[in-house]
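Notes for the structure review
Here are the chains, one letter per residue:
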Amino acid sequence: MKVRAKETYDYYITKGKEYPVVKETYEYYKIIDDCGVERYLYKYRFEPIEESNHYDNTNGSLYKIAKERNWNAYVFDIVKRLDRAEKKGEFISDIEKSIKVLELYLNEQKHRFEGQIEPLNK
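Notes on the structure follow.

Reading the values: the criteria
- Residues numbered from 1 in each chain as written.
- Predicted model: local features only at pLDDT ≥ 70, side-chain atom pairs only at ≥ 80, totals over all residues.
- Heavy atoms only, no water.
- Helix = DSSP H or I, 4+ residues; strand = E, 2+ residues; numbered from the N terminus.
- Contact = heavy atoms within 4.5 Å.
- Salt bridge = Lys/Arg side-chain N within 4 Å of Asp/Glu carboxyl O.
- Buried < 20%, exposed > 50% of the residue type's maximum accessible area, 1.4 Å probe, protein only.

**So, the environment of Ile13**
Counting through the fold element by element, Ile13 comes out in the loop between β1 (2-5) and β2 (18-24). C-alpha of Ile13 to C-alpha of Arg45: the two residues are 32 residues apart in sequence and 9.7 Å apart in space. For Ile13, the residues in contact, after removing those within four places along its chain, are Ala5, Glu7, Thr8, Tyr19, Ile31, Asp33, Asp34, Leu41 and Phe46.

**Regarding the pattern of salt bridges**
The final tally for this structure, using the stated rule, is 13 salt bridges. Across the pair Arg4 and Glu18 runs a salt bridge whose closest N-O atoms are separated by 2.9 Å. Within this pair, whereas Arg4 is found in strand β1, its partner Glu18 is found in strand β2, the two being separated by 14 residues in sequence. Looking at Glu18, the relative accessible area reads 27%, which means it is partly exposed. Arg4 serves as the salt-bridge partner of Glu47, at 3.8 Å between the closest nitrogen and oxygen. Here Arg4 lies in strand β1 and Glu47 lies in strand β5 (residues 46-49), a separation of 43 residues in the sequence. Given the relative accessible area of 27%, Arg4 is considered partly exposed. One salt-bridge network, held together by shared partners, links Lys2, Arg4, Glu18 and Glu47.

Structure (C-alpha cells):
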C-alpha cells in the first residue's frame, strides 16, 4: 500500500509525494520517508492511493530487496523504474527518467570513484 502526503513535514516528508506503507495501525502509518528511514506518522497527514497493477508484489517487494541489499535512493529508483516501465505502459519515459537519475548519481558520486573507474575503462 502507498499513501500520498497532504503536507510537507519537517525535512523528511514532501507534500504530494507517495510513500510506501510498511505497517498500519489504527492511528498511524509506518512509512519510509525521504531519508529512507521508517517512521510512524499520523494517518491524517496522508491520503491512501489506489495501487495499479504495476505495483504487484506477489513475487516479492522491491522495498524489501532494497533494504536487504542496502541500496541507496538512486539505485532503488533506477531499479524500480526499470522493473515497472513496461507494466505501466510508460517504457520510454521511464527509461529516460532512469538515465537522468543515473546522470545525477554519477555527477554526485564520481569524485569517490575516479581513481577506480579509469583503470577499468582501459
